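The chain contents come next:
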Amino acid sequence: MKIDGTPYRSVWVNEQDGWSVHIFDQTRLPWAVDVLRLTDVAAAAHAIRAMQVRGAPLIGAVAAYGLCLALRADPGSAAMERDAALLAATRPTAVNLQWALDRMLARLRPLEPRARVAAAYAEAAAIADEDVAMCAAIGRHGIELITGLAKPGRTVNILTHCNAGWLATVDWGTALAPIYMAHDQGIDLHVWVDETRPRNQGALLTAFELGSHGVRHTVIADNAGGHLMQHGMVDLVIVGTDRTTRIGDVANKIGTYLKALAAHDNGVPFWVAVPSSTIDWTIADGVREIPIEERASSEVTTISGRAMDGNITTVRIAPTGSPGANPAFDVTPSRLVTGLITERGRCAASESGLLGLFPERA
Ligand code: MRU
C-alpha cells in the first residue's frame, strides 16, 4: 500500500546491506512516519512486545525475520532454540507468532549451522510473500460481500474494529482488503472506525490507512456501534482475528465480542477475515482455550495523543491510585459469526465450514 504515493510493505529487508530489517514504528503513527532498522533479535523481540509492530500476521513475519537476525549472531542449535523461544514469548494470543517460528524451525533444524542464515532469510521472505498473497485473496473473496450490498445512490456502511489493515499484515490487510478492493472498483462505501480503546488502533492506524487510501470513514467511540446498528446505519461488520479455532471461535481485539452481540441482535452480518496462518487447528473452544494477553493497566488509566502544541503526550484519565485492568483480546463464539473469509474462499464459522476449505486438516 502507499504512503504519500510511495508503495511500502510493513516489514522489509534493507536493500543495501541485504540483512537488516525495516519496520514502521507503529507507536508513532499517525503523528510521525518513522522507519526503524532492526539489527538483532533483541530489537525484534522488543518491537513485537512494545507494539512497534502489531497485528497477528505482521508479528509472525517480524518474528521470522527476528530469527534471521538471531542466526547471524549465532547459527548454532542451542542459540536458535533459545532465540525462537524469546521471540515466541513476546505476545501470547496471536497464533501466527508461534506458527511462523514453528515453520522457520522446521526448515532450519535439519540444516548444518553454516547453511542456516541464507535458508532463514529465504523462509522469512516466503512467509512475507505468502501473507501478501493470502491477504489479496481474502480481498477478492470478500469483495462480493460489499458489492452485493451496493445500490445506485446508496452508500454501503461497514463497521470495523481495531486495525486489520496493511499495517497489521505485510500488505493489503485482512478485514480491510475487501474494503480497499471495493473502493478501488468505485463502490460507494463508508467505514465506521471503532476507536478501539485502550490503545486506539482504530482511531490512530485504521483511520490513517483509510485516509491515506482515500476511503471515506468516520471514527466512532467504541460504545457507538450498537446504536448505529439499531438505526440501520451499519450494513456489514468485517473484523480481523488473532486466533481462530477449528470450530470457528474467533479471538480478536477486546471489544469485538460486544460488536458481534450487537450485530446479532440487529441482524447485521458479522464477517471475520481469516488467513489460514491464524487458524489454530489444535483447539476448539476459544473462550476456554485461547490465552488472552493481559497488558499494562497504564494503557487503560492513561491516554496518548498529540497535544495542541504538536508534541505527542500521555495524560492520566483515571484518578491516581485507581487500579486498571487490561485484557487485550476477547473471544467471539462462532454462533455469532456470519461467516469467515479465508484465502481459499468464504465459509461458515464451523468445523465443517473450515474443513470444506481446508480438507487436509480433517
Ligand atoms: O494488539 P494488536 O494491535 O496486535 O491486535 C490486533 C488485532 O486485534 C487485529 O484486529 C488482528 O490482529 C487482526 S490483524 C489482521
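Residues numbered from 1 in each chain as written. Predicted model: local features only at pLDDT ≥ 70, side-chain atom pairs only at ≥ 80, totals over all residues. Heavy atoms only, no water.

1. Here's the deal with the environment of Glu 123
- With respect to the helices and strands, the residue Glu 123 is situated in helix H5 (residues 113-147).
- Taking the C-alpha atoms as reference points, Glu 123 and Leu 105, 18 residues apart in sequence, are found 10.0 Å from one another.
- Discounting chain neighbours no more than four positions away, the residues touching Glu 123 are Arg 103, Met 104 and Arg 107. (Helix = DSSP H or I, 4+ residues; strand = E, 2+ residues; numbered from the N terminus. Contact = heavy atoms within 4.5 Å.)

2. Comments concerning the site of the ligand
- Looking at the ligand, there are 19 residues lining it, with Arg 91, Gln 201, Asp 242, Asn 252 and Lys 253 nearest.
- Between the ligand and the protein, one listed contact pairs an oxygen atom with a side-chain N or O atom of Gln 201 at 2.9 Å.
- The site holding the ligand turns out to be the largest cavity.
- Of the residues in the shell around the ligand, the class split is seven nonpolar, eight polar and four charged.
- When residues are assigned to domains, the shell around the ligand turns out to be shared by domain 1 (2-131) and domain 2 (139-361), each giving three or more. (Near = heavy atom within 4 Å. Polar contact = N/O pair within 3.5 Å; in protein donor to acceptor, adjacent residues only side chain to side chain. 1 Å grid on protein atoms, 1.4 Å probe; cavity = no way out; pocket = protein on both sides within 12 Å on 5 of 7 lines; lining within 4 Å. Sits in = over half its atoms within 2 Å of the grid points. Nonpolar A, V, L, I, M, F, W, Y, C, P; charged D, E, K, R; others polar. Domains from an automatic or database assignment.)

3. Remarks on the domain arrangement of the protein chain
- As assigned here, the protein chain comprises domain 1 (2-131) and domain 2 (139-361).
- On a C-alpha basis, the centres of domain 1 and domain 2 stand 24 Å from each other.
- Counting from both sides, the interface comprises 32 residues of domain 1 and, opposite them, 33 residues of domain 2.
- On the domain 1 side of the interface with domain 2, the three residues burying the most area are Trp 31, Arg 54 and Thr 93, jointly 25% of the side's total.
- Our enumeration of links across domain 1 and domain 2 arrives at one salt bridge.
- The salt bridge involving Glu 293 is made with Arg 91; its shortest N-O contact spans 2.8 Å.
- In this structure, the connection of domain 1 to domain 2 is made through 14 residue pairs in polar contact (both at pLDDT 80 or more).
- Elements with a contribution of two residues or more to the side of domain 1 that touches domain 2: strand S1 (2-3), helix H2 (56-73), helix H4 (96-108) and H5.
- Residue contributions to the side of domain 1 that touches domain 2 peak at four residues, all from H2. (Buried area = accessible area lost by both parts, 1.4 Å probe. Salt bridge = Lys/Arg side-chain N within 4 Å of Asp/Glu carboxyl O.)

4. Points about the layout of surface pockets
- Considering only enclosed or pocket space, the largest pocket measures out at about 390 Å³ in volume.
- Around the largest pocket, the lining comprises 21 residues; the ones closest to its centre are Thr 27, Pro 198, Arg 199, Leu 204 and Ser 304.
- Counting only elements with at least two residues in the lining of the largest pocket, the list comes to helix H7 (201-212), helix H11 (298-301), strand S14 (302-306) and strand S15 (312-316).
- Per-element accounting of the lining of the largest pocket gives the leading share, four residues, to S14.
- Tallied by class, residues from the lining of the largest pocket come to eight nonpolar, nine polar and four charged.
- Inspection of the lining of the largest pocket shows a minimum of three residues originating in each of domain 1 (2-131) and domain 2 (139-361).
- Estimates place the volume of the second largest pocket at around 230 Å³.
- Contributing to the lining of the second largest pocket are 13 residues, with Trp 99, Ser 276, Ile 279, Trp 281 and Arg 361 lying nearest its centre. (Points joined across faces, edges and corners; volume = space filled by probe spheres on them.)

5. Some details on the nonpolar core
- Ranked by internal contacts, the top residues of the largest apolar core, which has 42 residues, are Val 11, Leu 67 and Met 104.
- Breaking this core down by element, the ones donating at least two residues are strand S4 (21-24), helix H1 (41-49), H2, helix H3 (77-88), H4 and H5.
- Counting residues per element, this core draws most heavily on H2, at 13 residues.
- Beyond its immediate stretch of four places on either side in the chain, Met 104 contacts Ala 64, Leu 67, Cys 68, Ala 120, Glu 123, Ala 124 and Ile 127. (Core = buried A, V, L, I, M, F, W, Y, C linked by side-chain atoms within 4.5 Å. Buried < 20%, exposed > 50% of the residue type's maximum accessible area, 1.4 Å probe, protein only.)

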